[in-house]
Amino acid sequence: MPVTKKKTKKWSTQDAIDFYGVDRWGAGYFSVDKNGDIVISPSGKKEGPHVSLPKVVKCMLDRGMDMPVLLRIENILGSQIKTLHETFAKAIKELDYKGSYKGVFPIKVNQQEQVVEAIAQFGSKFDHGLEAGSKPELIAAISILENRNACLICNGYKDEEFIDLGLYATKMGLQCFFVIEIPDELELILERAAKIGVQPNIGIRIKLAAKAEGKWAESGGDSSVFGLNMSQIIYIIDRLKEENKLDCLKLLHYHIGSQISNIRDIRVGVMEACRIYDELIQEGAAMGYLDLGGGLAVDYDGSRTNEPSSRNYSLEEYCFDIVETITTVLDKSSTPHPTIITESGRAIVAYYSVLLFNVLDVSSYVPQPIPKQLPKTSNDLLENLLSTYKMVSPKDVQECYNDTLFYRDQARQLFKHGQISIRERAIAEDLFRHILLKIAKTAAKLQHVPREIQEINDILSDVYYGNFSVFQSLPDVWAINQLFPVVPIHRLDEAPSRPAIIADITCDCDGKIDMFPNGEGAKGTIMLHDLKEQEEYYLGVFLVGAYQETLGDLHNLFGDTNVVSININDDSSYEFVRELEGDSVADILSYVEYDVKAMKQRIKKFAEDSIHKGFIKVKDRKVILHMFDEGLRGYSYFEKE
Ligand SMILES: *Cc1c(COP(=O)(O)O)cnc(C)c1O
């Protein structure tokens, strides 16, 4: 589809904001100042306190924290929790809803102790609770949650030990709910509760017919592995009736997937769940809580569409739609309004972490100048390419592009069959590159640029090597093609001039970022700045607080990055509140069962043997052992001396 190109004018920082979509995905937390630096405003408002991100980076480096760093801005977490509660409160007030709202944070979205602790701390005044999906998560939750008005939701498969832990948490006054995922869990809960002498709070997870489109579609619908179907729900009700324990059944839960990008899917889910909730009340269950699970999406690409990396609704719309739908369904039967619970994970934590890394090198294909005299060959391939080059003009960019692709392919064929030499092929490839560059330059002046010509940048792109590992720090880029906004954190007052993809330092061909948000959908390259001599170039990958940290792995033995948390004060000063040193090489090797002491012994022995056999001198042994030691102690990423 042809697009309209703007006339070239002087680049401003506003152009950078538009170009990288900072206002579209940044939710007010990120912007660009007049120096061309990214600024962080933890209140989500420009007038509020703010700090320059490159300045924070400088302070970190001065303190000896090496790149890559995962930077957490703690007050953004606070702001996200506050906004969620305030927006639900607004919907509840305006729609005259009689129940209240309680949020819980699903620990699996970011299990790091610092994160869960910060959530409990910031969430305390809103009675924000926790959701645990496994025994370790429940143990973590009980150790952190002190607020007896907050909910503690237990999902996932439960054994006796899990249940006992939850029952004692109940006994200590925590609002702990056991959500039944499979019918058999009920008997164990009833049995253990009787033994321990406590009334359990029981919930059921239901399987909705409703499905959400997107990457987690299979979490909902008939084929989902989680939740009870209708006849299993009836079984639970009947068993509780027999035991005279229907007063323990208090909560209905469902979760139809993460990152639900279409608000209509959310509405359909709530509607179906409300009907079941209503039926449970009619059956005599106590109820009182409706838990809608997660799914509140993050607009990673800033397009505000129902694309997988976006959402076609605002937080306000989400809250109002939920409250309104519940009211509409339940008011028909005059059923009392329940306490609404949501288990938003992604939306709470995504914004508050930024991955920062320096660019180590750039590899670009700069063709040799066009030769004055083309070599004599048995065919006119090179002449054809040269005349295509000369022909490029605004009115026939597409035609020239078609021709040059044809000749390039022909060159490769002829080479394969031994009809041209490697030198001739090199000239052909260089000419091809010259033609593309000329087409791109010519097309930049056009009003309408044909689709294929817009994509020339993908072929012309440079490779920027970033000091990080996709597998460790951005696993969803690799696993599910998740889009994250990537932006240089400085120099945004200069127009970026190089189309690029970003490769990491693992030597894996999947270790790269080659999909970037582009207003609507994705594009294959990002525009970056030329590297300057003697000056580091820093990139930030934003909105990485959800799921990325623990899903990351040790591919190529790159370990956890350094983590730094800051808290920004009202007067725009800030403090480093927590620091976590990343893994050393010795740490990582021990994760994969190497015995570091034994390794040192072996290298000593081998060095000794090498002296003995005359390969090295005694003083070489000292250097080698020192290097080996330093290497083990060091950071797994590229370090500056
Ligand atoms: C993963 C999960 C969540 C979190 O979903 P988000 O979309 O990240 O908010 C909530 N509840 C359950 C049961 C989950 O499995």
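Placed above this text is the structure.
Residues numbered from 1 in each chain as written. Predicted model: local features only at pLDDT ≥ 70, side-chain atom pairs only at ≥ 80, totals over all residues. Heavy atoms only, no water.

**A closer look at the overall build of the chain**
Piece 1. A count of helices and strands for the chain gives 23 helices and 25 strands.
Piece 2. Each principal axis of the C-alpha distribution contributes one length, and for the chain these read about 95 × 75 × 55 Å.
Piece 3. For the chain, the residues scored as buried account for 54% of the 641 residues in total.
Piece 4. Taking the contacts inside the chain whose residues are at least 6 apart along the sequence as the reference set, 75% of them involve residues at least 24 apart.
Piece 5. With an accessible surface of roughly 29,700 Å², the chain has 52% of that area assigned to carbon and sulfur atoms.
Piece 6. Counting 73 positive and 94 negative side-chain charges, the chain places the centres of these two groups 5 Å from one another. (Helix = DSSP H or I, 4+ residues; strand = E, 2+ residues; numbered from the N terminus. Buried < 20%, exposed > 50% of the residue type's maximum accessible area, 1.4 Å probe, protein only. Contact = heavy atoms within 4.5 Å. Areas by Shrake-Rupley, 256 points an atom, 1.4 Å probe, with all protein chains shown as cover. Lys, Arg positive; Asp, Glu negative; His and termini not counted. Charge placed at Lys NZ, Arg CZ, Asp CG, Glu CD.)

**Digging into a nonpolar patch on the surface**
Piece 1. Together, Leu557, Tyr591, Val592 and Tyr594 give the surface a local cluster of nonpolar side chains, amounting to about 360 Å² of exposed area.
Piece 2. Following the sequence through the fold, Leu557 ends up in the loop between helix 20 (548–551) and strand 24 (562–568).
Piece 3. Given the relative accessible area of 33%, Leu557 is considered partly exposed. (Patch = residues over 30% accessible without salt bridge, like charges linked within 9 Å, V, L, I, M, F, W, Y side chains within 5 Å. Salt bridge = Lys/Arg side-chain N within 4 Å of Asp/Glu carboxyl O.)

**Here's the deal with the site of the ligand**
Piece 1. Taken together, 17 residues sit near the ligand, with Lys108, Ser258, Glu343, Gly345 and Tyr547 positioned nearest.
Piece 2. At 2.6 Å, a side-chain N or O of Glu343 approaches a nitrogen atom of the ligand.
Piece 3. Within the backbone of Arg346, an N or O atom sits 3.0 Å from an oxygen atom of the ligand.
Piece 4. A total of 390 Å² of accessible area belongs to the ligand in isolation, and the protein chains cover 92% of it.
Piece 5. Looking at the shell around the ligand residue by residue, the class counts come to three nonpolar, nine polar and five charged. (Near = heavy atom within 4 Å. Polar contact = N/O pair within 3.5 Å; in protein donor to acceptor, adjacent residues only side chain to side chain. Nonpolar A, V, L, I, M, F, W, Y, C, P; charged D, E, K, R; others polar.)

**Quick word on unusual backbone geometry**
Piece 1. That bond from Met67 to Pro68 is cis: its omega, -5°, falls within 30 degrees of zero.
Piece 2. With respect to the element layout, Pro68 can be found in the loop between helix 3 (53–62) and strand 5 (69–73).
Piece 3. The phi torsion at Arg491 lies on the positive side, around 60°, for a residue other than glycine.
Piece 4. Relative to the elements of secondary structure, Arg491 occurs in the loop between strand 17 (486–488) and strand 18 (498–503).
Piece 5. Residue classification places Arg491 among the buried residues on the basis of a relative accessible area of 7%.

**Observations regarding the pairing of strand 14 (residues 353–363)**
Piece 1. Two strands pair when backbone bridges link them, and strand 5 and strand 14 are joined in this way by four bridges, in the antiparallel orientation. For Leu71, the partnering residue across the bridge sits in strand 14 and is Val354.
Piece 2. Inspection of the sheet shows strand 14 paired to strand 23 (residues 538–541) by four bridges, in the antiparallel sense. Within strand 23, the residue paired with Asn358 across the bridge is Tyr538. (Pairing = 2+ DSSP bridges.)

**Focus: the packing of aromatic side chains**
Piece 1. Taken as a whole, this structure holds 18 aromatic pairs when the rule is applied.
Piece 2. Here the aromatic rings of Tyr300 and Phe484 are separated by 5.3 Å at their centres, their planes lie at 85°, and the arrangement is edge-to-face. Of the two residues, Tyr300 sits in the loop between strand 12 (289–291) and helix 11 (315–331) while Phe484 sits in the loop between helix 19 (475–480) and strand 17, which places them 184 residues apart along the sequence. Neither residue differs from the other here; Tyr300 and Phe484 are each classed as buried.
Piece 3. Three or more aromatic residues link up through ring pairs in this structure, and these residues are Phe88, Tyr101, Tyr313 and Tyr318.
Piece 4. Residue placement shows Lys438 over the ring face of Tyr389; its charged tip is 4.6 Å from the ring centre.
Piece 5. Over the ring of Phe19 we find Lys523, and its NZ or CZ is 5.4 Å from the ring centre. (Phe/Tyr/Trp six-rings, centres within 6.5 Å; stacked < 30°, edge-to-face > 60°. Lys NZ or Arg CZ within 6 Å of the ring centre and 35° of its normal.)

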